[in-house]
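Tertiary structure, described
Given next are the chains, with one letter for each unit.
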Amino acid sequence: MAVAAVAALAAGGLSACGSSGKPTLNWYVNPDGVDTFKKYAKECSTDDYDLEVQELPNSATDQRTQLARRLAAKDSSTDLMNLDPVFVAEFANAGWLQEVEGDLADTIMSSVEGDGDYLSGAAETVTWDDKVYAIPLWANTQVLWYRKSLAQAAGLDMTQPVTWDQVIQAAADNDGTVGVQANKYEAYVVWINALVQGAGGSLVSDTEAGRDAKVEIDSDAGRKAAEVIQELADSRAAQPDLTVSNEGTSLGQMFPATGAGEFMVNWTFVYKNYEGQVGSGLTEDQFADLGWARYPATVEGEPSKPPVGGIDIGVGAYSKHPDWAMEAARCITSEQAQVDLALDNGLMPSTNAAYDKVAASGDYPADLIELFRTSVDDGGPRPKSAFYAMISGAIQARWHSPTSVDPDTTPEDSAKYLADVLEGKSLL
Amino acid sequence: MSAVTAPAPGKQAGKPVVSDRARAETRLGQRLVAPAIVLMLLVTAFPMLRALYLSTFDYALTAPDDRDFVGLSNYLTALTDGLFWRTTLITVLYMVVTVAIELVIGFAFAMVMHRVIFARGVIRTSILIPYGIITVVSGFAWQFAFSFQNGFINGWLPFVGDDFNWFGQTGSAVTAIMVSEIWKTTPFMSLLLLAGLAQVSEDMIEAAKVDGATWTQRLVKVILPNMRAAIMVAVLFRALDAYRIFDNIFVMTAGAVKTESISFLTYRQTIEQFQLGMGSALSVLLFLSVLVVAFLIVKLFRVDLAQARQES
């Protein structure tokens, strides 16, 4: 009896993955905008193959770990994947991604110079070693979200670029707070990187040299960044959970039961997030009090470098059907798909053409759309390196907790430590 | 009679005679278990040997072309690095504090489970429930409990402010992690101690009572010495388990504010940083340190047992 049951199960299992039917291509997606992904999985399926959406974990670190484990094991069922921009260089260097070729690669390459349809900030994220390894799907960026009433009370002219110093002072003097991402995780490095770049510096340079990259965080720019973090940590404007804050924790501080609200640096999803709460928890007036401005400047007079994020679509190097997978990748990064993602999920496009359509839809305030677009183009990417995880981890190790950051010692310490870690002389 | 006492001289000197049939059966038996032995070796020895081999390389998964043989340099780097010793120290702290507290609370629970007369099943079950909960889930539960936004701990403790962030600094974060670990595994400890308690003869306790021994005297002089083996097993199991502490840290602080254990450090090197060489070296060191802990505990209790024998 049991033997028969096992045999029946085995037979059923074998027939399920037999070669008689259409092949199914797996598309690993991050859990934002899954509905739209499912819709496009259906639309981009053809007579030759079906596309199926597989969800990845929530955090970018876990997404990377899961994909890397599959790809390191040469998994042939990882056909398409949504990649955070900082992972493209790592994955491409490991040989886990198919190269994108032909006219699409040319378009992306010329977009890096500012001549193609892709936003240059987004195009920049998918190149490695002068080749293209993924296709930008959406381009995320951070802006400064704030309560208009709070800025007004502080007498800040938000039509002009504001600095971190002004924002922190304004919040501290008017019973407000400043929301950032300062938990010990990747988004904290996003903040530090933006602060350093905003002061004209960088974390590392010559990253294509791998372990021999030049560590540059011990610089005036690094010290300026540390000053901002120290100022916020010591200020009354710091939120009580500063040391473990993330993209979600500061959302609730914008319209608190008591207090004046906050200035918050955060990604583009914020607008749709609060818009969705109107009527249930937020009043029209409160929502009308939500303002947005360019990412704060680290140094007065120098343009800020808003963080660039988003998602790129990569094709797995071990896919059994690489040509179909590449065809599907083009289909799911189409202009219409990008417009749908923006309108339905608040995930902003990576091409100018799609941006124009989103702007024309009237779903977002025109100035907000323009702000997003310029922020991506003027933004500062994180270092592109096959050792990015080490760079990020070493920075986190020395800059966390934000309350311990000291401009006199932290940049110098972290530079030494990062160099040691890259050379394999120090544990991380 | 004499014929029985003197065995046949031939049989004593020579090898025992084994029939062809018995020999064939032995061979068949060996052949039948051989696949299982080979499989066992593959499953257990292969990963260990592979880790030993990998630990001699400077090797990152994302830069396969830059793989270099470095000999024992990874071990040297780890053993001379302050971070390694700090995580080892904090791991030992987790182990000592949680096992000590669990031993006391676990023993109290075991006594309750042993002596309870009414609603025995319900009481035993409710004491054991936390152990049935997955560590990650318990980590999340306690993370929420300690959260200053939606947790209840700050409200309960009069000496703590309402917006006190438990995960903001090492001391309080380590305390929160320990609380979750203790809550989760005390039932396991009490289960092992209950087994030991059940082995203590009621007659001895009765005799001590008749001799006029107080409750404390009975506990210290009769019950505990007779449970030594059970206590050793409980402490050994829990100490080794606690030395590998990972899930609670992963969930509650992700290693921030210096709460990471040696397992967490190994995980980070291997899985997050893809540094297979250094990660393997650390896992070998972790393996060795677990052996040391086990050796020390066994040694510690053996000395005690020997003393007990001399006293008696």
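How each quantity is defined
- Every chain's residues receive numbers from 1 upward, in the order its sequence appears when written.
- Chains and ligands are labelled sequentially in the order written, the chains with letters from A and the ligands with numbers from 1.
- Local features in a predicted model are, by the rule used here, given only for residues with pLDDT of at least 70; side-chain atom pairs are given and counted only at 80 or more, and totals for whole chains, interfaces and linings are based on all residues.
- Hydrogens and water molecules were not included; the side-chain quantities draw on all heavy atoms of the structure.
- UniProt positions are given in the numbering used here, feature names are shortened, and annotations may be inferred rather than shown by experiment.
- Here a helix means four or more residues in a row that DSSP labels H or I, a strand means two or more in a row labelled E, and each is numbered from the N terminus.
- In this scheme, a residue with accessible area under 20% of its type's maximum is buried, one over 50% is exposed, and one in between is partly exposed, where area comes from a 1.4 Å probe on protein chains only.
- The contact rule is simple, with two residues in contact once any of their heavy atoms fall within 4.5 Å.
- Every accessible area reported is derived by Shrake-Rupley at a probe size of 1.4 Å, with residue values counting cover from the shown protein chains alone.
- Residues counted as positive are Lys and Arg, residues counted as negative are Asp and Glu, and His and the chain ends are not counted.
- Lysine's charge is taken at NZ, arginine's at CZ, aspartate's at CG and glutamate's at CD.
- By arc we mean the arc of the directions from the helix axis to the C-beta atoms, nothing more.
- Pairing of aromatic rings covers Phe, Tyr and the six-membered ring of Trp, with a centre-to-centre limit of 6.5 Å; geometry is then stacked below 30 degrees between planes, edge-to-face above 60, and tilted otherwise.
- Only strands joined by at least two bridges in the DSSP assignment are considered to pair.
- In this description, a line fitted to the C-alpha atoms serves as the axis of each element, helices being fitted only across the stretch in contact, and the angle between N-to-C directions of two axes falls anywhere from 0 to 180 degrees.
- Lining residues are defined by having an atom within 4 Å of a point belonging to a cavity or pocket. Those points lie on a 1 Å grid over the protein atoms alone, cavities being sets where a 1.4 Å probe fits but cannot get out and pockets being open sets with protein on both sides within 12 Å along at least five of seven lines.
- Grid points are joined across faces, edges and corners, and a volume is the space filled by probe spheres set on the points.
- Side-chain classes follow a simple rule in which Ala, Val, Leu, Ile, Met, Phe, Trp, Tyr, Cys and Pro form the nonpolar group, Asp, Glu, Lys and Arg form the charged group, and the remainder, Gly included, forms the polar group.
- Convention used here: angles under 35 degrees read as roughly parallel, angles over 145 as roughly antiparallel, angles from 65 to 115 as roughly perpendicular, and any remaining angle as oblique.
- By definition, any crossing whose near helix is turned counterclockwise from its far helix by less than a right angle is left-handed, and any crossing with a clockwise turn is right-handed.
- Any carboxyl oxygen of Asp or Glu within 4 Å of a side-chain nitrogen of Lys or Arg constitutes a salt bridge here.

For chain B, an unreviewed UniProt entry supplies the name Sugar ABC transporter permease and the organism Nocardioides humi. Per UniProt, chain B has the following entry under Subcellular location (unreviewed entry): "Cell membrane". Chain B has a UniProt comment under Sequence similarities (unreviewed entry) that states "Belongs to the binding-protein-dependent transport system permease family."

Per an unreviewed UniProt entry, the recorded name for chain A is ABC transporter substrate-binding protein, and the organism is Nocardioides humi. In its Sequence similarities (unreviewed entry) section, UniProt records this for chain A: "Belongs to the bacterial solute-binding protein 1 family."

Topic: the overall build of chain B
Within chain B, the regular secondary structure consists of 15 helices and two strands. Expressed as lengths along the three principal axes of its C-alpha atoms, the size of chain B is roughly 95 × 75 × 35 Å. Looking at chain B as a whole, 42% of its 312 residues qualify as buried. Taking as baseline every contact in chain B between residues at least 6 positions apart, the subset at least 24 positions apart corresponds to 68%. When the accessible surface of chain B is split by element, carbon and sulfur atoms take 69% of a total near 17,900 Å². In chain B, 24 positive and 21 negative side-chain charges are present, and the distance between their average locations comes to 13 Å.

Quick notes on helix H15 (residues 352–361) of chain A
Residues and elements named next belong to chain A. Within the sequence span of H15, burial applies to Asn352, Ala354, Tyr355 and Val358. In an axial view of H15, the angular spread of the buried residues amounts to 155°, which keeps them on one side of the axis. Those residues of H15 that are buried are in contact with helix H14 (335–345) and helix H16 (366–378). Glycine 362, located one to two residues past H15, shows a positive phi value of around 75°.

What to know about the packing of aromatic side chains
All names here are of chain B. The final tally for this structure, using the stated rule, is 31 aromatic pairs over all chains. Centroid distance tyrosine 131 to phenylalanine 188: 5.1 Å. Interplanar angle 20°. Geometry classified as stacked. Within this pair, whereas tyrosine 131 is found in helix H6 (residues 120–132), its partner phenylalanine 188 is found in helix H9 (residues 170–199), the two being separated by 57 residues in sequence. Ring geometry for phenylalanine 152 and tryptophan 156: centres 4.7 Å apart, planes at 50°, overall tilted.

Remarks on the sheet that holds strand E7 (residues 143–147) of chain A
Residues and elements named next belong to chain A. The mixed open sheet is built from four strands, whose spatial order is E8-E11-E7-E12. The open sheet is flanked by strand E8 (177–179) and strand E12 (290–293), the only strands paired with a single partner. Strand after strand, the sheet turns through a mean of 20° between neighbouring axes, direction not considered. Here E7 runs beside E12; their pairing, made up of four bridges, is antiparallel. Residue leucine 144 lies in a different strand from E12, and its bridge partner there is alanine 293. Helix H8 (residues 164–173) contacts E7, E8 and strand E11 (262–266) of the sheet and is inclined by roughly 135° relative to E8.

A short note on the layout of surface pockets
Empty space among the atoms becomes apparent when a probe as large as a water molecule is rolled across them. In this model, the second largest pocket occupies a volume close to 420 Å³. Elements that contribute at least two residues to the lining of the second largest pocket include exactly helix H17 (388–399) of chain A together with helix H5 (82–115) of chain B. Of the residues forming the lining of the second largest pocket, the biggest block, three residues, is contributed by H5(B). For the lining of the second largest pocket, the class distribution of residues is five nonpolar, 10 polar and seven charged.

Re the packing of H5(B) against H6(B)
All names here are of chain B. Running from N to C, H5 and H6 cross one another at 160°; their axes reach a closest spacing of 9 Å. Classified by the interaxial angle, the pair formed by H5 and H6 is roughly antiparallel. Of the two elements, H5 crosses H6, and the hand of that crossing is left-handed. Residues Phe109, Val112, Met113 and His114 of H5 pack against Arg120, Ile123, Arg124 and Ile127 of H6. When its residues are assigned to classes, the contact of H5 with H6 shows five nonpolar, one polar and two charged.

Let's talk about the pattern of salt bridges
Residue and element names in this part refer to chain B. On inspection of all chains with the given rule, the structure shows 30 salt bridges over all chains. Between aspartate 20 and arginine 23 there is a salt bridge whose closest N-O contact spans 3.9 Å. Highlighted residues: aspartate 20 and arginine 23, both in helix H3 (residues 20–54), separated by three residues, approximately one helical turn. Residue aspartate 20 is classed as exposed on the basis of its relative accessible area of 60%.

Remarks on the environment of B:Leu286
Residue and element names in this part refer to chain B. For leucine 286, the position within the fold is in helix H15 (residues 276–311). For leucine 286 and serine 263, which are 23 residues apart along the polypeptide, the C-alpha to C-alpha distance reads 7.3 Å. Excluding residues within four positions of it along the chain, leucine 286 makes contact with Tyr243, Ile262, Ser263 and Thr266.

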